[in-house]
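# A structural walkthrough
Each chain, written out:
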Amino acid sequence: MLTEYILTITIFLPLLGGLALLLVDKGSVTTIKMVGFGATALTFVVSLYLYFAFDTTAAGFQFQHKVVWIENLAISYSVGIDGMSLLLILLTTFLTPLALLGTWNSITHRIKEYMVMMLLLEVGMIGVFAALDLFLFYVFWEAMLIPMYFIIGIWGGQERVYAAIKFFLFTLFGSLLMLVAILALAYSASTIPGGQFTTDLYVLYGVGPRLALNVQSWMFLAFALSFAIKVPLFPLHTWLPDAHVQAPTAGSVILAGVLLKMGTYGLIRFCLPLFPDAAFVFTPTMSSLAVIGIIYGALVAMVQTDMKKLVAYSSVSHLGFVVLGTFAMTEEGIQGAIIQMVNHGLSTGALFLIVGMVYDRAHTRAIADFGGVAKIMPVFATFFMIVTLSSIGLPGLNGFVGEFMILVGSFKSAFLGSSAYSIIATSGVILAAVYMLWMYQRVMLGPMRPDRLYGGHALTDLTRREIATLVPLVVFIVWIGVYPGTFLKTSAGMAKQVVQTMESARQGGQARFVELKNR
């Protein structure tokens, strides 16, 4: 009984926390924070059951729960997870309480509404990774968009309204195209003998590959555009720096740590298995854009004067690696893409927390305003260095594992057809070291300013609460770097299944080509 409902409980537990907050007086600030944090922490604890009960040797989705929703259209509330969605759900439930804990005193107005929005956002994020019905997936996808819009627009910086609207319009445009493709795919299921209109992902996995190439191509583009905007993939990235810079620290942590992964998750979950023939056609384009994004994001990050904007552009570069690994369509590439999604969430989430912590003290994020901070904040400097080295892919830390597997997978990929993609992408690792270490040197190791005062506040080292926030992140950064097998074995079966699906589709396509040629 518990196994059947545990995933649904995990999805909607934050919603119960939000409802509980409605009963709390808005003047009881401490109680509001405790209820909000407690709901997210409890959700993480409950989600751990998914990890410990997950069978890594079993194929397919686990913890499935299906209830008919709209019977006439064969639309259901259908949820379930495999290794990839399990890791991303755990990443979500892990980062959300840490984001709230690390920014405990950062939000000073409308705290009750803020906590409710964060809890609703978590519901949408977990739902996206668990949905096995495309209509349900779309509902969660859109439900996630609304609270993030308000988080940026109400609690963001001076340009928050502009950033929120830009984020909303970019994402909504892609979402509407995806909705059209979902309806078209569901209708295609009814054109097959004995079929009916349905959004059931299991059924559609058998429908999509049977469509003509031109139909697959249009549907692939509609899905891929929506996901590419969310990644974001060059040149659809322009909303990201504004959203990151203007969002409150917790919003930036969740945006970088989880929301961007929805795009790369969608490419693996939907675009490859639903439209394999179209995926082969667009592999050179997607891979080229990924490599361009890796180099472009790194070069633009290098010239930033704002720490938060630098970290934002680094996401464009890092997630380019994930897209490259996805379209390598090798086990190493897919595994590397999945673990790199987790790695990026940990490392970049920690970076945004670190930038937020120093901003709370200095009231500035300009790199030129700092120097010699390590002498005043040695504990802060230690955490900053570990996370910086993680972000640039130092061996022994998590970033190295994902990037190495992606580069190996893309180098040997028969689908890419050239090792040039991985060779050029390698320069992104070098550029990451340049912009990250240069920023660290200027902020932490430069000459000290005589007053070391910002806005009348002296810089002080991390509090116990802030240390408690960063320690779990560092633990997993080192854990994945030293012994990645703990996490790789979780997604190994899923990655193998995706590769087998694509190999079968390619062989089938070659057989059809030979048959037509011989006629």
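As a starting point, this report considers the structure included with it.

How each quantity is defined
- Residues numbered from 1 in each chain as written.
- Predicted model: local features only at pLDDT ≥ 70, side-chain atom pairs only at ≥ 80, totals over all residues.
- Heavy atoms only, no water.
- Helix = DSSP H or I, 4+ residues; strand = E, 2+ residues; numbered from the N terminus.
- Rg over C-alpha atoms; globule rule 2.2 N^0.38 Å.
- Buried < 20%, exposed > 50% of the residue type's maximum accessible area, 1.4 Å probe, protein only.
- Contact = heavy atoms within 4.5 Å.
- Areas by Shrake-Rupley, 256 points an atom, 1.4 Å probe, with all protein chains shown as cover.
- Salt bridge = Lys/Arg side-chain N within 4 Å of Asp/Glu carboxyl O.
- Phe/Tyr/Trp six-rings, centres within 6.5 Å; stacked < 30°, edge-to-face > 60°.
- 1 Å grid on protein atoms, 1.4 Å probe; cavity = no way out; pocket = protein on both sides within 12 Å on 5 of 7 lines; lining within 4 Å.
- Points joined across faces, edges and corners; volume = space filled by probe spheres on them.
- Nonpolar A, V, L, I, M, F, W, Y, C, P; charged D, E, K, R; others polar.
- Axes fitted to C-alpha atoms, helices over the stretch in contact; angles between N-to-C directions.
- Parallel < 35°, antiparallel > 145°, perpendicular 65-115°, else oblique.
- Left-handed = near helix turned anticlockwise from the far one by under 90°.

A tally of helices and strands in the protein yields 19 helices and four strands. Here the protein has a C-alpha radius of gyration of 23 Å; the compact-globule value for 519 residues is 24 Å, and the two agree. Taken along the three principal axes of its C-alpha coordinates, the protein extends 85 × 55 × 40 Å. Going through the 519 residues of the protein one by one, you find that 60% of them count as buried. Relative to all contacts within the protein whose residues are 6 or more apart in sequence, the contacts with residues 24 or more apart total 81%. For the protein, the accessible surface area stands at approximately 19,300 Å², while carbon and sulfur atoms represent 67% of it.

It is worth spelling out the pattern of salt bridges at this point. Enumeration according to the criterion identifies six salt bridges in this entry. Note that Asp 306 is salt-bridged to Arg 365, the shortest N-O span being 3.4 Å. With Asp 306 in the loop between α11 (276-302) and α12 (307-328) and Arg 365 in the loop between α13 (331-362) and α14 (373-376), the pair connects residues that are 59 residues apart, well separated along the chain. Side by side, Asp 306 and Arg 365 carry an identical accessibility label, which is buried. Here Lys 412 makes a salt bridge to Glu 332, at a shortest N to O gap of 2.9 Å. Of the two residues, Lys 412 is situated in the loop between α16 (398-411) and α17 (420-445) and Glu 332 in helix α13; the sequence distance between them amounts to 80 residues. With a relative accessible area of 49%, Lys 412 lands in the partly exposed category.

Right, let's get into the packing of aromatic side chains. Taken as a whole, this structure holds 33 aromatic pairs when the rule is applied. With centroids separated by 6.1 Å and ring planes inclined at 80°, the aromatic side chains of Phe 37 and Trp 104 adopt a geometry described as edge-to-face. In this pair, Phe 37 sits in helix α2 (residues 29-53) while Trp 104 sits in the loop between α3 (83-102) and α4 (111-130), placing the two residues 67 residues apart along the sequence. Given a relative accessible area of 23%, Phe 37 falls into the partly exposed group. Judged by its relative accessible area of 18%, Trp 104 falls in the buried class. Aromatic side chains Phe 129 and Tyr 265 sit 5.1 Å apart centroid to centroid with 80° between the ring planes, which places their arrangement in the edge-to-face category. Taken as a pair, Phe 129 in helix α4 and Tyr 265 in helix α10 (residues 249-274) lie far apart in primary sequence, 136 residues in all. An identical accessibility class is assigned to Phe 129 and Tyr 265; each is buried.

This part covers the layout of surface pockets. Empty space within the largest pocket amounts to approximately 470 Å³. Considering the residues around the largest pocket, the lining is formed by 23 residues, among which Trp 155, Gly 156, Gly 157, Pro 248 and Tyr 359 are closest to the centre. Elements with a minimum of two residues in the lining of the largest pocket: α5 (134-155), α9 (239-246) and α13. Counting residues per element, the lining of the largest pocket draws most heavily on α13, which supplies five residues. Split into classes, the residues belonging to the lining of the largest pocket amount to nine nonpolar, nine polar and five charged.

On to the packing of α10 against α13, then. Remark: α10 packs on α13, axes separated minimally by 7 Å, with the N-to-C direction vectors making an angle of 170°. In terms of orientation, α10 and α13 fall into the roughly antiparallel class. Classified by chirality, the crossing of α13 by α10 is right-handed. Each of Thr 249, Ser 252, Val 253, Ala 256, Gly 257, Leu 260, Lys 261, Thr 264, Tyr 265, Ile 268 and Leu 272 in α10 lies in contact with α13, whose residues at this interface are Ile 334, Ala 337, Ile 338, Met 341, His 344, Gly 345, Thr 348, Gly 349, Phe 352, Leu 353 and Gly 356. Looking at the contact of α10 with α13 residue by residue, the class counts come to 12 nonpolar, nine polar and one charged.

Within the secondary structure, Thr 330 is located in the loop between α12 and α13. Not counting residues up to four positions away in its chain, the partners in contact with Thr 330 are Gly 409, Ser 413 and Val 499.

Looking at the element boundaries, Ser 391 is found in helix α15 (residues 378-391). Setting aside chain neighbours within four positions, we find Ser 391 in contact with His 318, Ser 347, Leu 351, Glu 403 and Met 436.

In this fold, Ser 347 is placed in helix α13. Note on Ser 347: relative accessible area 4%, which makes it buried. Note: C-alpha distance between Ser 347 and Leu 397 (50 residues apart in sequence) is 10.0 Å. Excluding residues that lie within four positions of it along the chain, Ser 347 makes contacts with Val 387, Ser 390, Ser 391, Asn 398 and Ile 477.

Across all of its chains, the model carries two cavities of 30 Å³ or more by this definition. Taken as a whole, the largest cavity holds about 70 Å³ of empty space. Around the largest cavity sit Lys 33, Leu 100, Thr 103, Trp 104, Ile 107, Ile 111, Tyr 114 and Met 115, which together line it. The element contributing the most residues to the lining of the largest cavity is α4, with three residues. Split by residue class, the lining of the largest cavity holds six nonpolar, one polar and one charged. Approximately 60 Å³ is the volume found for the second largest cavity. Every residue lining the second largest cavity is listed: His 318, Gln 340, Asn 343, His 344, Ser 347, Thr 348, Ser 390, Ser 391, Gly 399 and Glu 403. For the lining of the second largest cavity, the secondary structure elements donating two or more residues are α13, α15 and α16. The biggest single contributor to the lining of the second largest cavity is α13, with five residues. Looking at the lining of the second largest cavity residue by residue, the classes come out as no nonpolar, nine polar and one charged.

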